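Coordinate analysis (summary)
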Amino acid sequence: MDITGCVALVTGANGGIGRAFVSELLKRGAAKVYIAARDAASLSDLMAGGDERLIPLTLDVTDLAQIEAAVAAAPDVTFLVNNAGFAAFEGAISAPDLSSARREMDVNYFGTLALTRAFGPILAASGGGAILNMLSMVALVSLPMAATYSASKAAGLSLTRSIRAELSAQGTLVVGVLAAQTETPMGARLPEPRLTPEEVVSDSLDAIQAGQNDEVVAGALSRGAYAAFTSDPKAFQAKMSARLPQR
């Protein structure tokens, strides 16, 4: 897919990786970028640059009415970036209750599913377009200090692969991004070293432009982790399992 001239919608555009997606899409010649966040006021600094290609949307990916409104407001989307995410950094057992786990699944799994179902027909009408789902290396291995987040990203990876198969007939490219800890407010809870959002985004959009209808391991740090995982999955999981939730 050629990003030059595309019409993108980026969820969670007010976050660290979301902002990097917006900036890089503009640099690569996107014709229009719908920037979506639960609180439209959080997008004000992005809009302050005066780039007329940016269109703000109020969008909570767990709210079906807001998703329907986004479809009505953005009927020309050719590239959907499912970037919105939530992490509570809680253990599966040590968490006080299930509320954060449910929120993680609502945002990271059901939100991605709902947005894709809503915009799938629009992408089909444009000739197929592309979908990018922002996942994580913890889709492959469980991190006990973020146990239920890991579970939601594993579910997101499985979903991405099913979406890819189902939408292949309409010519939609579906890329899942596997990234290690990244220098964002969310990623700051994880140990250094960290990727920059720009590394993650650059590799992700390169994969889209190359037509890589698969998962992309974004950033050198992620590629190192992925190599260790594929070399010895049990040893890598054992290493991650040492990172227990703080009590």
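Structure report, in brief.

Each value, and the rule that gives it
- Residues numbered from 1 in each chain as written.
- Predicted model: local features only at pLDDT ≥ 70, side-chain atom pairs only at ≥ 80, totals over all residues.
- Heavy atoms only, no water.
- Helix = DSSP H or I, 4+ residues; strand = E, 2+ residues; numbered from the N terminus.
- Buried < 20%, exposed > 50% of the residue type's maximum accessible area, 1.4 Å probe, protein only.
- Contact = heavy atoms within 4.5 Å.
- Areas by Shrake-Rupley, 256 points an atom, 1.4 Å probe, with all protein chains shown as cover.
- Axes fitted to C-alpha atoms, helices over the stretch in contact; angles between N-to-C directions.
- Parallel < 35°, antiparallel > 145°, perpendicular 65-115°, else oblique.
- Left-handed = near helix turned anticlockwise from the far one by under 90°.
- Nonpolar A, V, L, I, M, F, W, Y, C, P; charged D, E, K, R; others polar.
- Core = buried A, V, L, I, M, F, W, Y, C linked by side-chain atoms within 4.5 Å.
- Pairing = 2+ DSSP bridges.
- Polar contact = N/O pair within 3.5 Å; in protein donor to acceptor, adjacent residues only side chain to side chain.

**Points about the overall build of the protein**
Scanning the protein for helices and strands turns up 8 helices and 7 strands. Expressed as lengths along the three principal axes of its C-alpha atoms, the size of the protein is roughly 45 × 35 × 35 Å. Taken across its 247 residues, the protein has 51% of its residues classed as buried. Across the protein, the fraction of contacts at a sequence separation of at least 24, relative to all contacts at a separation of at least 6, is 68%. With an accessible surface of roughly 10900 Å², the protein has 54% of that area assigned to carbon and sulfur atoms.

**What to know about the packing of helix α4 (residues 99-125) against helix α5 (residues 147-167)**
Between α4 and α5, the shortest axis-to-axis distance is 9 Å and the interhelical angle comes to 15°. The orientation of α4 relative to α5 falls into the category roughly parallel. Crossing handedness for the pair α4 and α5: right-handed. Residue-level inspection shows A101, E104, M105, N108, Y109, T112, L113 and T116 of α4 in contact with α5, the latter providing T148, Y149, S152, K153, A155, G156, L159, I163 and L167. Looking at the contact of α4 with α5, its residues break down into 9 nonpolar, 6 polar and 2 charged.

**Overview of the environment of A73**
Along the polypeptide, A73 turns up in helix α3 (residues 64-73). The exposure class of A73 is partly exposed, given its relative accessible area of 38%. In sequence terms A73 and A8 are 65 residues apart; their C-alpha atoms lie 13 Å from each other. Not counting the four nearest positions on each side in its chain, A73 is found in contact with Y34 and L57.

**Overview of unusual backbone geometry**
In this model, F89 sits at a positive phi of 55°, which is unusual for a non-glycine residue. Its location among the elements puts F89 in the loop between β4 (79-82) and α4.

**What about the nonpolar core?**
F21, L25, V33 and F79 are the most contacted members of the largest nonpolar core, which totals 55 residues. With 6 residues, the single largest contributor to this core is helix α1 (residues 16-27).

**Things to note about the sheet that holds β4**
Overall, parallel pairing links the 7 strands, which are arranged β3-β2-β1-β4-β5-β6-β7 in an open sheet. Edge positions in the sheet fall to β3 (54-58) and β7 (215-217), since each has one partner strand and no second. Neighbouring strand axes in the sheet, compared pairwise and without regard to direction, differ in orientation by 20° on average. With 3 bridges joining them, strand β1 (residues 7-10) and β4 adopt parallel strand pairing. Across the sheet, A8 pairs through a bridge with F79, a residue of β4. Contacts from α5 reach β5 (130-134), β6 (173-178) and β7, with the element oriented near 160° to β6.

**As for the environment of E104**
Looking at the secondary structure, you find E104 in helix α4. With a relative accessible area of 0%, E104 lands in the buried category. When the C-alpha positions of E104 and A88 are compared, they lie 7.5 Å apart, and in sequence the two are 16 residues distant. Looking at E104, its side chain comes within polar contact range of the side chain of T148, at 2.6 Å.

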